[in-house]
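Observations on the three-dimensional arrangement
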Amino acid sequence: MFNLFGRTKRSQKNRRPNPNTPKIAKRQLFLESLEDRRLLAADLSIVAFHVDGGAAISAASFGGTVLNEGQVVTVDLQVDHGTNSIFGEALTEPVVATLAVSRLSGLPGLVSSDTVVDAPPAGSDPAISWNAGTGALTIATGFNDTSSLLGAFQFTTVDDTVIEGVEQFQLNFSVDAANTISAPTSFNYDIQDDDVATIS
């Protein structure tokens, strides 16, 4: 039979397999798993701080805030499932966020003697649990994400009687490996000492 198109059929035996096929398949599987994880993950953002229940101080403005001894600070958190800025969606994976406090300057001493991380108001929600030992907040699967989870964290600057001068501390927020947290995640603040020496 004449081949009008100038082409000849190649048998299955003569066809050469693409040597990159296994690599391409693996890469596609890898990318798909990354995409699946991204869709399941939540992204957290520190939204605002409230001192003694007062007006919100934005995260961008809180750094360098001077606190007095005995003040209570709550922290609002944005929880965005799927990183799509669509709120009201149920989490498909739990989220574990942690707050740690470190001393930057001031008289040597235990950090816990000047700043105490407390059980947060948000812990009253049955979908949220608090671990006082680790400073970790766990938000359970099924919780509806929100642009502002009020009182997700809380800490108190202890009102002691020790003359310490001004001390500077840093808040450090983190999240478990399955989720992400947007910058900024560290915030500095000062504690103004209200104790004075007395001469007897």
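Residues numbered from 1 in each chain as written. Predicted model: local features only at pLDDT ≥ 70, side-chain atom pairs only at ≥ 80, totals over all residues. Heavy atoms only, no water.

1. Topic: the nonpolar core
With 32 residues, the main nonpolar core has F49, I139, L149, F153, L171, F173 and Y189 as its most contacted residues. Looking at this core, the elements that each hand over two or more residues are β1 (42-51), α2 (59-62), β4 (72-81), β5 (95-105), β8 (136-139), β9 (146-157), β10 (167-175) and β12 (186-192). Of the residues forming this core, the biggest block, five residues, is contributed by β1. In contact with F49, not counting residues within four places along its chain, are A55, A56, I57, A59, F62, V73, T74, V75, L171, F173 and F187. (Core = buried A, V, L, I, M, F, W, Y, C linked by side-chain atoms within 4.5 Å. Buried < 20%, exposed > 50% of the residue type's maximum accessible area, 1.4 Å probe, protein only. Helix = DSSP H or I, 4+ residues; strand = E, 2+ residues; numbered from the N terminus. Contact = heavy atoms within 4.5 Å.)

2. As for the packing of aromatic side chains
Overall, the coordinates contain seven aromatic pairs when judged by the stated rule. With a centroid separation of 5.4 Å and an interplanar angle of 65°, the aromatic rings of F153 and F173 are classed as edge-to-face. Of this pair, F153 sits in strand β9 while F173 is found in strand β10, placing the two residues 20 residues apart along the sequence. The two residues F153 and F173 agree in class, both being buried. Summarising the aromatic geometry, the rings of F169 and Y189 are spaced 5.8 Å apart at their centres and angled 20° between planes, so their arrangement reads as stacked. Here Y189 lies in strand β12 and F169 lies in strand β10, a separation of 20 residues in the sequence. You'll find F169 and Y189 in the same group, each marked buried. (Phe/Tyr/Trp six-rings, centres within 6.5 Å; stacked < 30°, edge-to-face > 60°.)

3. Regarding the side chain of S45
Within the fold, S45 resides in strand β1. In this structure S45 touches D76, L77, Q78 and S182, once residues within four positions along its chain are discounted.

4. Details of unusual backbone geometry
Across the junction of A183 and P184, the peptide omega takes the value 0°, indicating a cis bond. Topologically, P184 is positioned in the loop between β11 (180-181) and β12. Although it is not a glycine, D52 adopts a positive phi angle of roughly 50°. Relative to the helices and strands, D52 is located in the loop between β1 and β2 (57-58). Note on D52: relative accessible area 48%, which makes it partly exposed. The backbone of S85 shows a phi angle near 60°, a positive value even though the residue is not glycine. Looking at S85, the relative accessible area reads 54%, which means it is exposed.

5. Describing the environment of F173
What makes F173 buried here is its relative accessible area of 6%. Apart from the residues lying within four places of it in its own chain, the contact partners of F173 are I46, F49, V75, T98, L99, F153, I181, T185 and F187.

6. With respect to the environment of V116
Of note, V116 is situated in strand β6 (residues 115-118). Separated by 38 residues in sequence, V116 and Q154 have C-alpha atoms that sit 8.7 Å apart. If sequence neighbours within four positions are ignored, V116 has contacts with Q154, F155, T156 and V158.

7. Observations concerning the environment of S85
Inspection of the secondary structure assignment puts S85 in the loop between β4 and β5. The spacing of S85 and D43 is 42 residues in sequence and 9.6 Å in space, taken between C-alpha atoms.

8. Focus: the sheet that holds β12
Here we have six strands laid out as an open sheet, ordered β3-β12-β10-β5-β8-β7, and mixed in their pairing. The open sheet has two free edges, formed respectively by β3 (65-68) and β7 (128-131), since each of these has just one partner strand. The sheet shows a mean angle of 25° between the axes of neighbouring strands, taken without regard to direction. As defined by bridge partners, β7 adjoins β8 across four bridges and the pair is classed as antiparallel. Residue pairing for β8: N131 is matched across the bridge by A136. (Pairing = 2+ DSSP bridges. Axes fitted to C-alpha atoms, helices over the stretch in contact; angles between N-to-C directions.)

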